[in-house]
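Examination of the molecular architecture
So you can see what is in the structure, the chains are spelled out below.
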There are 2 protein chains.
Amino acid sequence: MISDKTVERLSLYRWLLETKVDKDTVSLFSHQIAAMACVSPAQLRRDLMTTGYSGSSTRGYSVKELAGSIAGVLDGNEPAKVALIGMGNLGRAIVSFLRGRRSRLKVVATFDTDSRKTGRVISGCRCYGQNRIEEIVTREQISVAVITVPSDVAQKVTDRLVNAGVTGILNYAPVPLRVPERVYLENRDVTTALEKVAYFARKSTEKE
Amino acid sequence: MISDKTVERLSLYRWLLETKVDKDTVSLFSHQIAAMACVSPAQLRRDLMTTGYSGSSTRGYSVKELAGSIAGVLDGNEPAKVALIGMGNLGRAIVSFLRGRRSRLKVVATFDTDSRKTGRVISGCRCYGQNRIEEIVTREQISVAVITVPSDVAQKVTDRLVNAGVTGILNYAPVPLRVPERVYLENRDVTTALEKVAYFARKSTEKE
């Protein structure tokens, strides 16, 4: 199993190769990709070893082959289907942001409790009532969920998603969630992140 | 220096103590707080040792004193001043989300290039033109910045913030940023996070 930090960096390298590299550029050396990604060349080479693709010592990495070998690690045979629960400001922003960016991740359903939102297409995606979570997640074989509901209902929503077959959760609700060991959980609470950044920002100032 | 993971958990413990504990509860045992935070009691005790406060073996931790000792570690004498740059969907969602949640972090200015937004109060906070970043950051002594601008301008905005005195950055732009060593940078790209969750979600399904 590849570490989560390596998976993150592989995702970043691919994105850089696909969006920040001139169309005429056929190959790149490790130090060039490393500079774009703000990592050391040694780190980059270690990460790329997990894909099994090694470039040529004279020409570097082929841009196309490298993107393909990263895809071989990161992607399944089908694009991962994603649901987002909680179409408030943050939920809508995330759906808009993800739309049309990557074909490997497809937001196929959103959920809310507000009847002014349900039954409509919002930010390009159908919004269902939260009473239909089990039905839609099972029918669409959704494996990944983004949680942007208020913290007091986040655990209940999580339990229902997990029971319906979701195995990966990206949690923006500012509350810790309990999930079985087989479910991968990533917490993205804005306040916690900002308190951390503020702490280290202050430490940096105090050192001066 | 405390590790970033510990700082994150201390922030979480405090939030739980302040919002999820019944007003009549005077003290809690480590296993009770650990259960709320979804960490092991050993982990919790290790984290709390960094605050220098140890509870009583018979009554556990005093809720009030524990929150105070965590504050002693996390907070400066003044609330940290925060700026957010890029008032698109995500930027507005984050400002709304942070507003009124914690007095230790205060979003004092937002910035955008869109003249329909600048000069107005949006989500409770004044929005300035991006040409005024240096002026406002210096005048308000802003130490922390949240970046929600498009990726092609994120590095330029970052350089200007750092030159104006910002020492902590929370980056939501999907691009790596270069900052001096003294500046703390946390990347929160949604796509990278979601690709990571999708990868581990798939691995979990394959194992079955």
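So, a few notes on the structure that sits alongside this text.

The rules behind each value
- Residues numbered from 1 in each chain as written.
- Chains lettered and ligands numbered in written order.
- Predicted model: local features only at pLDDT ≥ 70, side-chain atom pairs only at ≥ 80, totals over all residues.
- Heavy atoms only, no water.
- Least-squares fit on C-alpha atoms with pLDDT ≥ 70 in both.
- Contact = heavy atoms within 4.5 Å.
- Buried area = accessible area lost by both parts, 1.4 Å probe.
- Salt bridge = Lys/Arg side-chain N within 4 Å of Asp/Glu carboxyl O.
- Polar contact = N/O pair within 3.5 Å; in protein donor to acceptor, adjacent residues only side chain to side chain.
- Helix = DSSP H or I, 4+ residues; strand = E, 2+ residues; numbered from the N terminus.
- Axes fitted to C-alpha atoms, helices over the stretch in contact; angles between N-to-C directions.
- Parallel < 35°, antiparallel > 145°, perpendicular 65-115°, else oblique.
- Nonpolar A, V, L, I, M, F, W, Y, C, P; charged D, E, K, R; others polar.
- Expected span 1.5 Å × (residues − 1).
- Buried < 20%, exposed > 50% of the residue type's maximum accessible area, 1.4 Å probe, protein only.
- Arc of directions from axis to C-beta.

Superposition record for chain B on chain A: RMSD 0.0 Å, screw rotation 180°, translation along axis 0.0 Å. The transformation just described matches what one would write down for a two-fold rotation axis. Both copies share a contact surface, since 100% of the interface residues of chain B are interface residues in chain A too.

This part covers the interface of chain B and chain A. Each partner contributes residues to the interface: chain B has 71 residues there, and chain A has 71 residues. Counting each side, the surface lost to burial between chain B and chain A is near 6200 Å², with a carbon and sulfur contribution of 68%. For chain B, the biggest contributors to the area lost against chain A are B:Leu194, B:Glu195 and B:Lys196; these three give 11% of the whole. Put simply, chain B and chain A have six salt bridges between them. Notably, a salt bridge pairs A:Lys196 with B:Glu8, separated by 2.5 Å at the nearest N-O pair. Linking chain B with chain A are 20 residue pairs in polar contact (both at pLDDT 80 or more), by the criterion used here. Considering every element that reaches the side of chain B that touches chain A, the biggest residue donor is helix 8 (residues 190-207) of chain B, with 17 residues.

Turning next to the packing of helix 2 (residues 30-37) of chain A against helix 3 (residues 41-49) of chain A. Residue and element names in this part refer to chain A. Running from N to C, helix 2 and helix 3 cross one another at 105°; their axes reach a closest spacing of 8 Å. The angle between helix 2 and helix 3 places the two elements in the roughly perpendicular class. In this structure, helix 2 contributes Ser30, His31, Ile33 and Ala34 to the contact, and helix 3 contributes Pro41, Leu44 and Arg45. The class makeup of the residues in the contact of helix 2 with helix 3 is four nonpolar, two polar and one charged.

Because the α-helix completes a turn every 3.6 residues, residues three or four places apart line up on one side. With 13 residues, helix 7 (residues 151-163) of chain B ought to run about 18 Å at 1.5 Å a step, and its terminal C-alpha atoms sit 19 Å apart, in line with that. Residues of helix 7 of chain B that are buried include every one of B:Ser151, B:Ala154, B:Val157, B:Thr158, B:Leu161 and B:Val162, and no others. With its buried residues spanning 130° around the axis, helix 7 of chain B presents them on a single face. Away from its buried face by more than 90 degrees, helix 7 of chain B exposes B:Asp152, B:Lys156 and B:Asn163. Looking at the buried side of helix 7 of chain B, the elements it contacts are helix 1 (4-19) of chain A together with strand 3 (80-85), helix 6 (133-140), strand 7 (144-147) and strand 8 (168-171) of chain B. Downstream of helix 7 of chain B by one or two residues, B:Gly165 has phi in the positive range, about 115°.

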